[in-house]
Each structure stands twice: as C-alpha cells, then as structure tokens.
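# Residue-level structural notes
Given next are the chains, with one letter for each unit.
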Amino acid sequence: MKALILIGGKGTRMHPASSFCPKEMFPMIRRPFLDLVIEQLESAGICGKDIIFIMSKEKKDILKYYKNKHSYMFDSGTGLGNAIVEAVKKFRISGQFVVLLGDMLYLSSKNLIKDMIYKGKIVGSGVIGGFKHTDDYHKYCSIVYDPNNMTVYGLYEKPSERVSDYSCSGQYLFNTKFVEYLKEYSDSGEAFGFTDAMNDYLIFNNIYLAPLNDGDVMLDVGTPDAYVNSLVATLRFKNDAL
C-alpha cells in the first residue's frame with residue numbers, strides 16, 4: 001500500500017520562520033515533525049518509496065534531509081484534489097491508498113493509520129480518521145455518522161453550527177474509485193472541493209469512521225500558537241518514540 005503525505009502548503013501563517021525551514025520540519029523536541037508522521041506510517045507497514053511526498057518546489061530541503069529515501073512529486077499548485085489525482089496516475093496506484101496531512105498528527109495509544117488499513121480491508125471501502133471536538137468544530141470538517149456501525153452519512157466543511165461530535169483528523173484511506181469522483185473537483189483549490197467529492201462518493205459508496213481515543217493529543221504546526229501547544233503536549237505525553 002502507498003501513502004500520500006500532503007506538504008504543499010506555503011506555511012504563510014508561520015512566517016517568517018517557515019521562510020527558512022518548512023513547517024513540516026520544525027523540531028518536535030529532538031526530531032522534525034514530519035519524522036513523527038512517517039514513523040506512524042512505518043509502524044502501519046508503509047515504508048520507503050511507498051511513502052510519497054506531494055510537495056512544493058520551495059521545500060526541497062525535505063528531500064535533502066531524507067536523502068531520497070521516499071518518493072516525491074512536486075505539487076502543481078492547482079488544488080488538493082488535483083494533487084491526489086496526479087499522484088495516483090504518476091505512481092500507478094491501484095486499490096487502496098492512504099492520504100495524510102503533513103502538518104498534523106495525533107499522539108495516541110494506538111496507531112490510527114494501522115486501524116484504518118485493517119478496517120479498510122474488511123469493508124473494502126473508504127475510511128476517515130476522526131477526533132472528538134469540543135467548541136472548535138467550526139475550524140474542521142465535521143463527520144455525520146451512524147454510531148451503531150460507524151458508517152459516514154455526510155461531511156460538512158467548517159460548519160457554522162454543531163452537526164456532529166467528530167471532525168476529520170486529516171487521515172484518510174481511499175480506493176481508486178474515489179479518484180473518479182475527485183476529478184470532478186480537481187480544479188478547486190479549497191478544501192470544500194475535496195469534501196464535496198467525498199459527499200458525492202457517499203451517494204453510492206460507503207465511508208467508515210475510525211475514531212481516535214478520548215484524550216488523544218493533536219499536534220499541529222500550522223500556526224505559532226498551535227506549534228507551541230504541540231511542543232508542550234509532546235513534553236507531557238509519555239511516548240517512547242520521542
């Protein structure tokens with residue numbers, strides 16, 4: 001199985017620091033943040049060239065650090081959906097594949113990606129990682145689901161009102177059938193096009209929710225405040241990998 005790590009953003013909210021170092025490479029105690037993302041993939045059995053960076057050309061320092069250990073593709077800058085479509089074609093991906101955001105992950109007692117892959121093999125369909133939100137639901141994509149079997153009914157990008165107790169964690173398991181729906185929105189540079197494609201897919205196909213545990217800690221390097229909070233959370237979280 002292959003995994004796409006999306007690291008194409010410019011990191012404008014982290015300027016000026018991100019002008020000198022990609023935000024995904026910001027130190028998280030003793031290691032770059034991206035190391036922790038990759039480690040979760042490796043623990044789930046996805047390693048080496050099966051890990052694919054979708055990145056901007058301004059982030060070439062990432063390739064130097066990993067010494068071409070992983071595959072990569074430069075983002076064309078035409079949107080999230082188009083980047084996934086292009087990667088599936090370029091790397092001849094078939095069957096199921098993982099998609100991750102490179103600037104977000106979770107400290108957890110379990111490997112959510114591994115759980116998603118296991119669930120995906122059983123149901124043969126898409127799986128979305130989700131975390132329980134509090135009052136910040138308007139910042140994320142909310143997941144409406146059936147609590148009895150965890151089937152997803154719909155997704156709402158940054159809703160103005162609470163529609164669910166779970167939001168997308170930025171970790172996805174798709175099959176190449178979803179890519180056909182994604183092509184319809186591949187020119188959209190916003191997250192809404194990606195969400196719309198998933199909602200279209202849900203009309204005739206199933207997507208399941210794989211929830212994180214209560215108390216799992218989100219790490220985020222998207223803003224200065226989030227980065228500082230992530231450093232503090234990492235210090236407090238007992239994780240032998242750190």
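Scope of this entry: the structure provided in the associated data block. This is a predicted model, so every value here is computed, not measured. (Residues numbered from 1 in each chain as written. Predicted model: local features only at pLDDT ≥ 70, side-chain atom pairs only at ≥ 80, totals over all residues. Heavy atoms only, no water.)

### Examining the overall build of the chain
Put simply, the rule reads: The helix and strand labels rest on DSSP assignments: H or I over at least four residues marks a helix, E over at least two residues marks a strand, and numbering proceeds from the N terminus. Residue contacts are defined here by distance: any two heavy atoms, one from each residue, within 4.5 Å place the two residues in contact. Residues scored as positive are Lys and Arg, those scored as negative are Asp and Glu, and His as well as the terminal groups of each chain are ignored. By convention, the charge on Lys lies at NZ, on Arg at CZ, on Asp at CG and on Glu at CD.
The helix and strand inventory of the chain stands at 8 helices and 13 strands. Taking as baseline every contact in the chain between residues at least 6 positions apart, the subset at least 24 positions apart corresponds to 69%. The distance from the centre of the 28 positive side-chain charges to the centre of the 28 negative ones in the chain is 8 Å.

### Quick word on helix H5 (residues 112-123)
Which entries qualify depends on this criterion: By this rule, a helix spans an expected 1.5 Å times one less than how many residues it contains. A 1.4 Å probe rolled over the protein chains alone gives each residue an accessible area, and that area as a share of the maximum for its type sets the label: buried under 20%, exposed over 50%, partly exposed in between. Here the arc refers to the set of directions running from the helix axis out to each C-beta atom. Whenever two N or O atoms come within 3.5 Å, that pair is a polar contact, provided that in protein one can donate a hydrogen and the other can accept it, and provided that, for residues adjacent in sequence, both atoms are side-chain atoms.
With 12 residues, H5 extends 16 Å between its outermost C-alpha atoms, agreeing within 8% with the 16 Å of an ideal straight helix rising 1.5 Å per residue. By the burial criterion, the buried members of H5 are Leu112, Ile113, Met116, Ile117 and Gly120. Down the axis of H5, the buried set is contained in an arc of 140°. They therefore lie on one face. Away from the buried face of H5 by more than 90 degrees, exposed residues Tyr118, Lys121 and Ile122 are located. Contact partners of the buried residues in H5: helix H2 (33-43), strand E6 (96-101), strand E8 (126-132), strand E11 (166-175) and strand E12 (207-211). For H5, the N-terminal capping position is held by Asn111, with its side-chain oxygen 3.1 Å away from the main-chain nitrogen of Ile113. Within two residues after H5, Gly124 carries a phi angle of roughly 65°, on the positive side.

### Some details on the packing of aromatic side chains
Operational definition: In this scheme Phe, Tyr and Trp rings, the latter by its six-membered ring, pair at centre separations within 6.5 Å, and the angle between planes marks the pair as stacked below 30 degrees, edge-to-face above 60, and tilted otherwise. In this scheme, the term charge over a ring applies when either NZ of a lysine or CZ of an arginine sits within 6 Å of the ring centre and within 35 degrees of the ring normal.
For the coordinates displayed, the defined rule picks out 15 aromatic pairs. Relative to Tyr66, the ring of Tyr65 lies with its centre 4.8 Å away and its plane at 85°, an arrangement referred to as edge-to-face. Classification of Tyr65 as partly exposed rests on a relative accessible area of 41%. Here the aromatic residues Phe97, Tyr172, Phe174, Phe178, Tyr181, Phe194 and Tyr201 are joined through ring pairs into a cluster of three or more. Above the ring of Phe91, the side-chain terminus of Lys90 is found at 5.7 Å from the ring centroid.

### Notes on the nonpolar core
Our working definition: Here, the term nonpolar core denotes a set of buried Ala, Val, Leu, Ile, Met, Phe, Trp, Tyr and Cys residues that are joined through side-chain atoms within 4.5 Å.
Counting residues in hydrophobic clusters, the biggest one holds 41 residues, and the most contacted among them are Ile5, Leu34, Leu41, Phe53, Ile62 and Val98. By residue number, the principal contributor to this core is H2, which donates 6 residues. Excluding residues that lie within four positions of it along the chain, Leu34 makes contacts with Ile5, Ile7, Glu24, Met25, Phe53, Ile62, Tyr66 and Gly102. Core analysis: the next-biggest nonpolar cluster, separate from the first, contains 34 residues, Leu4, Val88, Val99 and Tyr201 among them.

### Some points on the pairing of strand E5 (residues 71-74)
What counts, and what does not: Between any two strands, pairing holds if DSSP finds at least two bridges. When the strands point away from the viewer and the connection leading from the first strand across the helix to the second strand turns clockwise, the crossover is called right-handed.
Burial of E5 is one-sided: the residues Ser71 and Met73 facing one way are buried, the residues Tyr72 and Phe74 facing the other way are not. As defined by bridge partners, strand E4 (residues 51-55) adjoins E5 across 4 bridges and the pair is classed as parallel. Residue pairing in the sheet places Ile54 in a bridge with Met73 of E5. Remark: the E4/helix H3 (residues 60-66)/E5 crossover connection has right-handed handedness.

### Let's talk about empty space enclosed by the protein
Using the following cut-off: The pocket and cavity definitions rest on a 1 Å grid over protein atoms only: a 1.4 Å probe that fits but cannot leave marks a cavity, an open set with protein on both sides within 12 Å along at least five of seven lines marks a pocket, and residues lining either have an atom within 4 Å of a point. Grid points are joined across faces, edges and corners, and a volume is the space filled by probe spheres set on the points. Gly is put with the polar residues, along with every residue not named as nonpolar or charged; the nonpolar set is Ala, Val, Leu, Ile, Met, Phe, Trp, Tyr, Cys and Pro, and the charged set is Asp, Glu, Lys and Arg.
Per the stated rule, a full pass over the model turns up 2 cavities of 30 Å³ or more. Reported here for the largest cavity is a volume of approximately 40 Å³. If you trace the largest cavity, you find it lined by Val37, Gln40, Leu100, Leu101, Met104, Leu105, Ile113, Gly170 and Gln171. Of all the secondary structure elements, the ones that give two or more residues to the lining of the largest cavity are H2, E6, strand E7 (104-107) and E11. A per-class count over the lining of the largest cavity returns 6 nonpolar, 3 polar and no charged. Estimates place the volume of the second largest cavity at around 30 Å³. Around the second largest cavity sit Gln40, Tyr106, Ser108, Lys110, Asn111, Leu112, Gln171 and Leu212, which together line it. In the lining of the second largest cavity, the residues fall into 3 nonpolar, 4 polar and 1 charged.

### Here's the deal with the layout of surface pockets
Roughly 210 Å³ of internal volume is contained in the second largest pocket. Together, 15 residues line the second largest pocket, and Tyr106, Phe131, Lys132, His133 and Asp216 are the ones closest to its centre. Of all the secondary structure elements, the ones that give two or more residues to the lining of the second largest pocket are E8 and strand E13 (217-220). Here the residues of the lining of the second largest pocket sort into 7 nonpolar, 4 polar and 4 charged.

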